[in-house]
Amino acid sequence: TRQPEKARIIEIKTGSEASSLIIGLARRSMADLNGDGVVDLGDLFVFAQGFGQYKGMPNYSEMLDINKDGRTDFDDFFVFASDFSNNRKAGKPVAGAQAGKLSFSTVDEPSGLLAVRMNLEAADLTGFSAVLAFDEGVLTFVRAERKDGGSPTASIARGEILLTDRADGPTSITLYFRPSGDVTGNPVTPKMVVLLGSDGAVRLLDLADVRVDATPK
């Protein structure tokens, strides 16, 4: 097994001590969604691809529907994220200001869309997963783009976005929305942001320190 510290022993007796067989079987972590024996960013992507799916939809998976209520949403994600953090055998977990910095700013967009830029600052950032809320009554999510033109994995469920992507140091993601009414205050509210460091450590951002500038740039 690739995780021998999680192995359990099964002894099979066949009536003779000489023919007894002992097998070590690894207990697969719930967060190991791709079944490769390692809990890492690849498992975050698996969860993100099934996020927002209901029973009967093409990408619905009972494995991702952790609380078995017929849909994969944030209730499932919070349980997954907790198990994900507990199964990381790497650097020391970090939370608060030491984890990194998060800021949002509104950007002028001539197409009529509302553009919100999310900036993540962490020196050794290799990946992240962010839970972001928005007002479905006046905003429709359109897409998310990196500076290089690529697209992070973005899934929607009940006015919330699960954004997951790889990174190489500080990163910037622009979220595009189509407004259908007056937008006041902050268009996007972060609910949880998990960062992965180059040492494999899980970092949880302190959302009380998030900087927001709603003035278009």
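We now turn to the structure provided with this report. It should be emphasised that the depicted structure is a prediction, and the values quoted were computed from it without experimental measurement.

1. A word on the side chain of glutamine 53
As for its placement among the helices and strands, glutamine 53 is situated in the loop between α1 (41–50) and α2 (74–86). Of the polar contacts made by the side chain of glutamine 53, one reaches the backbone nitrogen of asparagine 59; its length is 3.1 Å.

2. Here's the deal with the pattern of salt bridges
Within this structure, the stated rule accounts for seven salt bridges. Between arginine 143 and glutamate 145 there is a salt bridge, with the nearest N and O atoms lying 2.8 Å from each other. Note that aspartate 165 and arginine 146 form a salt bridge whose closest N and O atoms lie 2.9 Å from each other. In this pair, aspartate 165 sits in strand β9 (residues 160–166) while arginine 146 sits in strand β7 (residues 139–146), placing the two residues 19 residues apart along the sequence. Residue aspartate 165 is classed as buried on the basis of its relative accessible area of 6%.

3. Focus on the environment of aspartate 168
Relative to the helices and strands, aspartate 168 resides in the loop between β9 and β10 (171–179). For the pair formed by aspartate 168 and leucine 125, sequence separation is 43 residues and the distance between their alpha carbons is 5.8 Å.

4. Regarding the packing of aromatic side chains
Under the definition given, this model contains six aromatic pairs. Taken together, a centroid distance of 5.0 Å and an interplanar angle of 10° make the contact between phenylalanine 47 and phenylalanine 80 stacked. Pair noted here: phenylalanine 47 is in helix α1 and phenylalanine 80 is in helix α2, with a separation of 33 residues, a long-range link. Each member of the pair, phenylalanine 47 as well as phenylalanine 80, carries the same accessibility label: buried.

5. What about the sheet that holds β10?
Judged by pairing direction, the sheet is mixed, and its five strands sit side by side in the order β7-β10-β5-β4-β13 without closing on themselves. Each edge of the open sheet carries a strand with a single partner, namely β7 and β13 (211–213). Across the sheet, the mean angle from the axis of one strand to that of its neighbour is 20°, orientation sign disregarded. Judged from the seven bridges that link them, β7 and β10 form a sheet pairing that is antiparallel. Across the sheet, leucine 139 pairs through a bridge with proline 179, a residue of β10.

6. Description of α1
Note that an α-helix has 3.6 residues per turn; residues three or four places apart therefore point the same way. Burial analysis of α1 places seven of its ten residues in the buried class, which makes it a mostly covered element. All of the buried residues in α1 are Leu41, Asp43, Leu44, Phe45, Phe47, Ala48 and Gly50. In the segment just after α1, glycine 52 is the residue with positive phi, at about 85°.

7. Description of the pairing of β10
For β10, the buried fraction is high: seven of the nine residues fall into the buried class. Where strand β5 (residues 114–121) meets β10, seven bridges bridge the pair, whose relative direction is antiparallel. Along β10, the bridge assignment pairs alanine 115 with tyrosine 176.

Parameters and conventions
Residues numbered from 1 in each chain as written. Predicted model: local features only at pLDDT ≥ 70, side-chain atom pairs only at ≥ 80, totals over all residues. Heavy atoms only, no water. Helix = DSSP H or I, 4+ residues; strand = E, 2+ residues; numbered from the N terminus. Polar contact = N/O pair within 3.5 Å; in protein donor to acceptor, adjacent residues only side chain to side chain. Salt bridge = Lys/Arg side-chain N within 4 Å of Asp/Glu carboxyl O. Buried < 20%, exposed > 50% of the residue type's maximum accessible area, 1.4 Å probe, protein only. Phe/Tyr/Trp six-rings, centres within 6.5 Å; stacked < 30°, edge-to-face > 60°. Pairing = 2+ DSSP bridges. Axes fitted to C-alpha atoms, helices over the stretch in contact; angles between N-to-C directions.

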